[in-house]
Amino acid sequence: MKSRQSVTLLSLLVAVSLVLAACAPQEAPITEEPSMPEPQAPEATEAPVPTEEPAMPKTTRHGGWLDEIDVSVVSGDSAISQLQAGAIDLYSYGLASDVYPAIKEAGLKYSQSYGGSYSLMFNPAVFEDTTRLNPFSNRKIREAMNWLIDRNYINQEIYAGGSLAKFFAVTTQLVEYTDLIDTARALESKYAYNFDKAKEVITAEMTAMGAVLGSDGKWQYQNAPVNVIFLIRPDGDGTRKPMGDYVANQLEAIGFTVERQYKKSSEAAPIWRGSQAKLGLWNLYTAGWLPSGLTRDERGQIQQMYLNTSIQGVDPFISNVSDPEFQKLGDDLAQGNFSTPEERKAMMERALELSLQDSLQVFTIEQVQYSPYNENVQLTYDLASGVEGAYVGPYNLRFVGEEGGAMKVGTADLFTEPWNTVSGSNWVWDSNIMRATEMGTGNIVGTAGLMGDPYTGLAWPHRIESASLTYKKGLPIRQSLDWYSLEAADEIPVPSDAWVDWNATEQRWITAAEKFPEGTTANVKSVVVYPADLFETVTWHDGSPVSVGDFVMAMLMPFDMAKPESAIYDESLVPSLEATLATFKGYRIVSTDPLTIEAYNDSYNADAELNILPLWPLSPFGLSGENSWTIFAVTNLAEANKEIAYTSNKADTLQVEQTSWVGGPSLEVLAKYLDQAAGESYIPYKPTLGQYITKEEADLRYGNFTKWYEEHGHFWVGTGPYYVDKVYTTEKSLVLKNNADFVDLADRWSAFSEPKLARILLDGSGQVKAGEESVFDVSVSFKDDPYPSSDIQRVKYILYDTTGAVVVVGDAEFVGEGQYRVTLGADVTSKLPTGSARLEVAVVPVPVAVPAFTSLDFVVVK
Amino acid sequence: MAVVTRSPSENVVLKKPASTSALVRVLRYVVMRLLVLGMTVVIGVYLTIMIANMGGYVDTIMRSEVADRITQSIAANPAMQQMDPDTRRKLIEERITAEEKRLGLDTPIAVRNFRYLSNALTLRLGRAINLTSDAGSKQVRRILLERLPATLLLMGVSQIFLFVSSVLLALNLSRRYGSIWDKVVVALSPTSAVPPWFYGIFLILIFASLLKVLPFNGMVGSPPPSNPLDYTLSVLKHLILPALSLVLSSFFLSIYNYRTFFLIYSSEDYVEMAKAKGLPPRTIEREYILRPTLPTIITNFALLIIGLWTGATITETVFLWPGLGRTLYQAIGLYDIPVIVGSTIIFAYLLAMTVFLLDFVYAIVDPRVKVGG
């Protein structure tokens, strides 16, 4: 009997312990208050100036700092535990901000970056069913939704305070926002949470629309409750569900009857995107938008996020009837219909204001993501796109104070799609690896031997000697860096021998003289001169020197593949070429020693640096990864014989495998055609490339490439600081090894290594007498040293009164290095009502794209 | 029922049928059985197709996703942002049309359903819509085969260990009814209510995070050792925690089930008779208890073997084990009907074959059973 009782007791204990374990709180409760109420975006790091001495000690090491990087797939849920256990040194994929407290608690270092944004998307249509009232067809009610929701509450409660409140379509605290900081902060203050104001506006508008507030506190329309269908997404990172519930609660609190429909992406999309807005299948939706990277020019966002001319091209955008002024402003901004930066700025300021009045979407949260890493790791990350989005990242990844060593890196996935540079994987984890194997980065209009600045989004020369840019007078183009020359011209004629199109039948370029017999012009012209020793110093990972053939092959591939006469024609690439040709005006190789290439374009970017077009054998389709003419030649042979295809579209049509240069059935096919090409000393596109590639070069190339494949078992070859040593597709891991033959020393980009964190201190009296002058001191520092004034663009101040309204905006007065002063004159303080007031100071540095903020509360007395 | 069972005592009075009539009977049975199983497979697979594409609603979902994906990709391209809206819209529409064509959305759903069905029945597994294998292939055959070894290893090791240990321990316990070990097993059997992935999380916390003696997840260390012996050892090390979690989650309940099963057979009259006759316990266990239970045990084992094909979705996900369970889960999430159907048809054929063969196995191991009788 006793033993039976013992057994029963034991079983009960086990059951209870399991239940308790299941109910136990997690290590890092998401509601925990983080140590900083709202983390500032990572702060200043000085952009490298090519002529400056690197900040780090000199080294003789070439390539990357590490001997080996072992990348494997690690679940985000266990990333922090694995870092603590030493199983990995870095988790490079960005984790959602709700893990921020756990990262802090674990004592790990971390990077911050933008991870996309969330908004409330409204159905703006008047419903066909006239018995149903759609409150959000009323612009004023949509505007009032800004006051109804407390973005700071959402951030604290759902995102553990680790993200940022978002009001605008432009990225919060990034380049565009920083340029408009006065307007942005004033509008944020105006549209801050104010439940009573929201209720007042909504009540007035609902009444005007014929609704009646019933005795039960619920809005009625034609004797039926005003039912609001709210599509709430429970999938993704799971944060949209609590956010949706919060908004639904707020709507219910002011009298709406809310029908919460929890639908995952695939279920919600056919309703909010796929249905006609006027059918009224929904009223509002928890929308999410991907991050746009460190984009410096976000003027197109106004049109895209609000207007019926939006690139989204679906209801509810099409159904939105915006204020005519807003419509014109948004369209003009998107089309570039302005002539000076000042005019553009004024248009953006007005557009921000009108966007909140329109509020087809009410933005709620700018997500911040975190990549944790161990104390002994040093890395550089991109302010907008994090560790995996930083072009310079692989160059600077190292163990602190060490040269060499093997680092274990975890990420969310690998080999999600086949790897090739025409239409292969562009998943962030795959691209991150590819970038470690390449030199430089793509820019806004093409491909380039440039290095992206992780803190400003501008570009620095990586493998070019000099450059110049000419733009058509009147275009709003500005220069930020001085590593190239810039000039404006009345007209930029395209030379008659410039290559403007491709004749796939004859395999030769079509010149401007042939295509435009009357002559043609371009909006911008860039001239890039490459180093004289380029072809001696830069080699592919298989040992072959880079040649002009690589450049020309990368130039012609996007043309040839989209021409029906080509042996590798792919109809899915035609729209891309058509889009390119709409603005592309020509290439011209002026010289091959040193290599000098001109590029002509009608498409332009407001930042002059981003219009420099130094061609490089990088992916001609904007993906990551480099491509020698050799790999294209071999793959093209296979594709021409319909055994594999670059794009999934063509692969599906032909029922063959999509080309992968790192694994799978493609490898066997490619090896076969490599043998064939080697046997024939094959020179692709001979009428054109035959001018640049000799038989000797072809033999050397194919010989080296064959040896490479035999040794490493794949065809992924670049010129970057690391090479892919081994690939394990099923095991989802990969080994990168240092390229000791890399042309640059490991400290080439070390100036980006350590973030130059700015610190602002604001000091002044806690009590201000209205009508009397008051002075506040501002000190801006980096590591206890004054922040150089040459690195500070602006120090702005904004004064808010007790209601949160902006009283005055101004520039702080420069006193000395790192020292500024804000003087509130008697005429200003006299405008302040008694009570609390707040002075906010924003520092806009030059080397980074984000501003730093601080504020001081004081009391106003009479 | 095609299979007739009789008690051992009845066997002695049955007359042996003539060999020709037996052959006809068996043949008739085989044909009928194959027809019925074939129809079951056809209906099962067609229902799977219908469920997988939600009666055609998946087309609507996919069209929305295609439109969204293409629009966002164009929206993210700065070069296209300066295009005039009409040209841009035309470009988007062209791309959407091309993508819908690639995905087969331009073909009526009914036609596609029957195409899926006929391809599946003839084992032409075709190409996945969105999913690719780890090596980059879109052929369903490759996608499934690539993950099969990992699943067979994990499920095979855990399930066969579970099966063998459960049967042996249960047999042992059935002889010790009411003993302390018997009571411990009974008491712990509710622990099987906890799913394996839950044990998995605890095991990871204990052995990987705290003790740091076993890896957190994956199938092999990173980078995978090049030496085959080291590679094998690394795989085995990674196998311990996921296999253990699968075993632990079913261990006590499995023993309890078999033990109860054996106990029922232990109390049969003919067993009591054997005991009364003074036969040795081992003989009673082997000849009088185990043998009559063989059909059930073999059925369980056969179903266990084909069940290996399905993998363990959440456990594989927790341990990032590259198995079929995760592949199927991904395929369902992506509405990748060819992969779902491919996996289902193979399981359906394996199940049908197993059911078919088991009828004959029963007749071999149990003299009371007669095929088609």
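These numbers were taken from a predicted model, which means no experiment stands behind them. (Residues numbered from 1 in each chain as written. Chains lettered and ligands numbered in written order. Predicted model: local features only at pLDDT ≥ 70, side-chain atom pairs only at ≥ 80, totals over all residues.)

### Observations concerning the overall build of chain A
Just so we agree on the cut-off: Under the DSSP-based scheme used, a helix requires at least four consecutive residues in state H or I and a strand at least two consecutive residues in state E, with every element numbered from the N terminus. Note that the radius of gyration is over C-alpha atoms, with the globule rule given as 2.2 Å times the number of residues to the power 0.38. Residues are called buried when their C-beta atom has 20 or more other C-beta atoms within 10 Å, exposed when it has 12 or fewer, and partly exposed otherwise; all C-beta atoms are positioned from the backbone.
For chain A, the count of helices and strands is 25 helices and 37 strands. The C-alpha radius of gyration computed for chain A amounts to 30 Å, which stays within 12% of the reference 29 Å derived for 862 residues, consistent with globular compactness. With the principal axes as the frame, chain A shows a C-alpha extent of 95 × 90 × 65 Å. Taken across its 862 residues, chain A has 55% of its residues classed as buried.

### As for the interface of chain A and chain B
Applicable threshold: Residues are defined as contacting one another if the C-beta atoms placed from their backbone atoms lie within 7 Å. Under the scheme applied, nonpolar residues are Ala, Val, Leu, Ile, Met, Phe, Trp, Tyr, Cys and Pro; charged residues are Asp, Glu, Lys and Arg; polar residues are all the others, including Gly.
At the junction of the two partners, chain A supplies 66 residues and chain B supplies 57 residues. Among the residues forming the side of chain A that touches chain B, the class breakdown is 25 nonpolar, 31 polar and 10 charged.

### Remarks on the sheet that holds strand β6 (residues 219–221) of chain A
The pairing of strands in a sheet happens through backbone hydrogen bonds and is either parallel or antiparallel. Residues and elements named next belong to chain A. Formally: What makes two strands pair is DSSP finding at least two bridges between them.
Within the open sheet, the 3 strands sit side by side as β5-β6-β7. Their pairing is antiparallel. If you trace the sheet from one side to the other, it starts and ends with β5 (212–213) and β7 (224–225), each paired once. With 2 bridges connecting them, β5 and β6 associate as antiparallel partners. Bridged to L213 within β6 is W219.

### Quick notes on the pairing of strand β36 (residues 835–845) of chain A
Residues and elements named next belong to chain A. As paired elements, strand β32 (residues 792–800) and β36 share 8 bridges and run antiparallel to each other. Within β36, the residue paired with Y797 across the bridge is V841. Where β36 lies against strand β37 (residues 852–861), 9 bridges are found, and the strand directions are antiparallel. If you follow S836 over to β37, its bridge partner there is V859. Between β36 and the antiparallel strand that follows it, β37, lie 6 residues.

### So, the packing of helix α11 (residues 269–276) of chain B against helix α12 (residues 281–307) of chain B
All names here are of chain B. The criterion, for reference: All axes here are fitted lines through C-alpha atoms, helices being fitted over the stretch that makes contact, and every angle between N-to-C directions spans 0 to 180 degrees. Orientation is classified from the angle alone, with under 35 degrees giving roughly parallel, over 145 giving roughly antiparallel, 65 to 115 giving roughly perpendicular, and any other angle giving oblique. Left-handed describes a crossing whose near helix is turned anticlockwise from the far helix through less than a right angle; right-handed describes the clockwise counterpart.
Taken N-terminus to C-terminus, the directions of α11 and α12 make an angle of 160 degrees; their axes are 10 Å apart at the nearest point. As judged from the angle between their axes, α11 and α12 are roughly antiparallel. Taken as a pair, α11 and α12 cross one another with a handedness that is right-handed. Residues Y270, V271, A274 and K275 of α11 form the contact with α12, whose participating residues are I284, Y288 and I289. For the contact of α11 with α12, a count of residues per class yields 6 nonpolar, no polar and 1 charged.

### Re unusual backbone geometry
Of note, the bond from D593 of chain A into P594 of chain A is cis; its omega dihedral lies within 30 degrees of zero at -5 degrees. Looking along the chain, the bond that leaves S222 of chain B and enters P223 of chain B is cis, with omega of -5 degrees. Mapped onto the secondary structure, P223 of chain B falls in the loop between α9 (196–210) and α10 (228–266). Although it is not a glycine, N223 of chain A adopts a positive phi angle of roughly 65 degrees. Residue position: N223 of chain A is located in the loop between β6 and β7. A positive phi is found at F415 of chain A, a non-glycine position, where the angle reads about 55 degrees. You can see F415 of chain A is positioned in the loop between β14 (406–411) and α15 (428–436).

### A word on helix α7 (residues 181–190) of chain A
Buried within α7 of chain A are the following residues: T183, A184, R185, L187 and E188 of chain A. Buried positions along α7 of chain A lie against α6 (175–179), α13 (341–358), β32 and β36 of chain A.

### Observations regarding the pairing of strand β20 (residues 508–511) of chain A
Residue and element names in this part refer to chain A. Note that strand β19 (residues 499–503) and β20 share 4 bridges and pair antiparallel. Residue pairing for β20: D501 is matched across the bridge by I510. The turn linking β19 back onto β20 is made up of 4 residues, and Q507 within it adopts a positive phi angle of 55 degrees.

### Digging into the sheet that holds strand β29 (residues 767–769) of chain A
Residues and elements named next belong to chain A. Here we have 5 strands laid out as an open sheet, ordered β29-β37-β36-β32-β33, and mixed in their pairing. Each edge of the sheet is formed by a strand with only one pairing partner; in this case those strands are β29 and β33 (806–811). Looking at each pair of strands side by side, their axes are set apart by 30 degrees on average, direction ignored. Judged from the 5 bridges that link them, β32 and β33 form a sheet pairing that is antiparallel. Bridge pairing in β33 links L799 to V808. The sheet strands contacting α7 are β32, β33 and β36, and the helix crosses β32 at an angle near 25 degrees.

### What to know about the environment of L333 of chain A
All names here are of chain A. Assignment of secondary structure puts L333 in helix α12 (residues 324–335). In this structure the C-alpha to C-alpha distance between L333 and M347, which are 14 residues apart in sequence, comes to 7.5 Å. In this structure, L333 is in contact with R299, I302, Q303, M347, M348 and A351, ignoring residues within four places of it in sequence.

### So, the packing of α12 of chain A against α13 of chain A
Residues and elements named next belong to chain A. Where α12 contacts α13, the axes come no closer than 10 Å and their chain directions differ by 130 degrees. Here α13 runs oblique to α12, going by the angle between their axes. When the axes of α12 and α13 are compared, the crossing they make is left-handed. Residues E325, F326, L329, G330, D332 and L333 of α12 touch α13, and the partners they reach there are M347, M348, R350, A351, L354 and D358.

### Observations concerning helix α20 (residues 629–640) of chain A
All names here are of chain A. Our working definition: To estimate how far a helix should extend, the number of its residues minus one is multiplied by 1.5 Å.
An ideal rise of 1.5 Å per residue puts 16 Å on 12 residues; α20 measures up with 16 Å between its terminal C-alpha atoms. A large share of α20 lies buried, amounting to 11 of its 12 residues. For α20, the set of buried residues is W629, T630, I631, F632, A633, V634, T635, N636, L637, A638 and E639. In the core, the buried residues of α20 are packed alongside α18 (548–560), β24 (644–645), α22 (666–680), α23 (686–689) and α24 (695–712). Following α20 by one or two positions, K642 has its phi on the positive side, about 60 degrees.

### Comments concerning the confidence of the model for chain A
All names here are of chain A. For the record, the criterion: Each residue gets a pLDDT score, which is the predictor's confidence in that residue and runs from 0 to 100.
Mean pLDDT over chain A stands at 88; residues scoring 70 or higher make up 92%. Confidence scores differ between elements of chain A, with helix α1 (residues 2–23) showing the lowest mean pLDDT of 48 and α20 the highest of 98. Below pLDDT 50 for its whole length, residues 443–447 participates in 21 contacts with residues either more than four positions away or in separate chains.

### A look at the environment of A512 of chain A
All names here are of chain A. Within the secondary structure, A512 sits in helix α16 (residues 512–515). Along the backbone, A512 and A498 are 14 residues apart, and their C-alpha atoms lie at a distance of 5.5 Å. Those residues in contact with A512, other than ones at most four positions away along the chain, are V494, P495, S496, A498, V500, T520 and G586.

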